[in-house]
Amino acid sequence: PKGPITMSGIRNPVYYPFLAGGTINPNTIVKIGTADQTVIQATAAADQPVGVAAVPAGSTASSGDRVDAVISGVYEIKVGAAGIARGAKVTSDANGLAIAAAPAAAANNGIVGVALETGASGDLVAVLLSPGVMQG
């Protein structure tokens, strides 16, 4: 018999090894750093994300540390202050946290994927990763 669907939040993630170009918190959106093979935590909706930091809960990656970024599949991202609704295209706030992309007319937001769940500030929500750009 089929029961209710339960989400572990992680489905078929594809990891890519980088070096941290600065401090990176767990489950935050990351973008390419200033040197080859580095990532830094995203700090704006206009940033072009490449994935989500797979840093263990309760720790941080410091500059020069190895940090795996999940670049494809489904992975959990920590939600920013505004919360997020399932189906929203996900971009970064100033702290690398998930917020809904809402670019102004003729402006672009870098998106990391689509939220599969609704979440409030501080929640972890499953996101189907598909980095790209959304134009307003």
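Attention in this report is confined to the structure presented alongside it. Source: prediction; values computed, not measured.

Here we come to the environment of Thr34. Secondary-structure assignment places Thr34 in the loop between strand S2 (29-32) and strand S3 (38-41). The exposure class of Thr34 is exposed, given its relative accessible area of 86%.

Attention now goes to the side chain of Thr28. Topologically, Thr28 is positioned in the loop between strand S1 (11-20) and S2. Given the relative accessible area of 1%, Thr28 is considered buried. Here Gln41 takes part through its side chain, which lies 3.2 Å from a polar atom of the side chain of Thr28. Leave out the neighbours within four places in its chain, and Thr28 touches Gln41, Gly51, Val52, Ala53, Asn95, Gly96 and Leu97.

Turning next to the nonpolar core. Counting residues in hydrophobic clusters, the biggest one holds 17 residues, and the most contacted among them are Ile77, Ile84, Val90, Val112 and Leu129. Contributing elements (two or more residues each) for this core: strand S5 (66-78), strand S8 (108-115) and strand S9 (124-135). Residues contacting Ile84, with those up to four places away along its chain left out, are Val79, Val90, Ala98, Ile99, Ala100, Ala115, Glu117, Thr118, Gly119 and Val125. Counting residues in hydrophobic clusters, the runner-up holds eleven residues, among them Phe18, Ile24, Val30 and Val39.

Below, the discussion takes up the pattern of salt bridges. A full pass over the atoms with the stated rule returns two salt bridges. The salt bridge partner of Asp47 is Lys31, with a shortest N-O separation of 3.2 Å. On the criterion of sequence distance, the pair formed by Asp47 in the loop between S3 and strand S4 (49-53) and Lys31 in strand S2 is long-range, its members being 16 residues apart. The two residues Asp47 and Lys31 agree in class, both being buried. Measuring nitrogen to oxygen at the nearest pair gives 2.9 Å for the salt bridge that ties Arg66 to Asp68.

In this section: unusual backbone geometry. Although it is not a glycine, Gln37 adopts a positive phi angle of roughly 60°. Of note in this structure, Ala106 is not a glycine but carries a positive phi near 70°. Relative to the helices and strands, Ala106 resides in the loop between strand S7 (98-100) and S8. On the basis of relative accessible area, Ala106 is assigned to the exposed category, the value being 68%.

Another aspect to go through is the packing of aromatic side chains. This structure, assessed with the given rule, holds two aromatic pairs. Consider the rings of Tyr15 and Tyr75, whose centres lie 6.5 Å apart with planes at 80°: the pair is edge-to-face. Linking Tyr15 in strand S1 with Tyr75 in strand S5, this pair joins segments that are 60 residues apart in sequence. Taking relative accessible area as the criterion, Tyr15 reaches 42% and is therefore assigned partly exposed. Taking 4.8 Å as the distance between ring centres and 50° as the angle between the ring planes, the aromatic pair formed by Tyr16 and Phe18 counts as tilted. For Tyr16, a relative accessible area of 34% puts it in the partly exposed group.

Conventions adopted
Residues numbered from 1 in each chain as written. Predicted model: local features only at pLDDT ≥ 70, side-chain atom pairs only at ≥ 80, totals over all residues. Heavy atoms only, no water. Helix = DSSP H or I, 4+ residues; strand = E, 2+ residues; numbered from the N terminus. Buried < 20%, exposed > 50% of the residue type's maximum accessible area, 1.4 Å probe, protein only. Polar contact = N/O pair within 3.5 Å; in protein donor to acceptor, adjacent residues only side chain to side chain. Contact = heavy atoms within 4.5 Å. Core = buried A, V, L, I, M, F, W, Y, C linked by side-chain atoms within 4.5 Å. Salt bridge = Lys/Arg side-chain N within 4 Å of Asp/Glu carboxyl O. Phe/Tyr/Trp six-rings, centres within 6.5 Å; stacked < 30°, edge-to-face > 60°.

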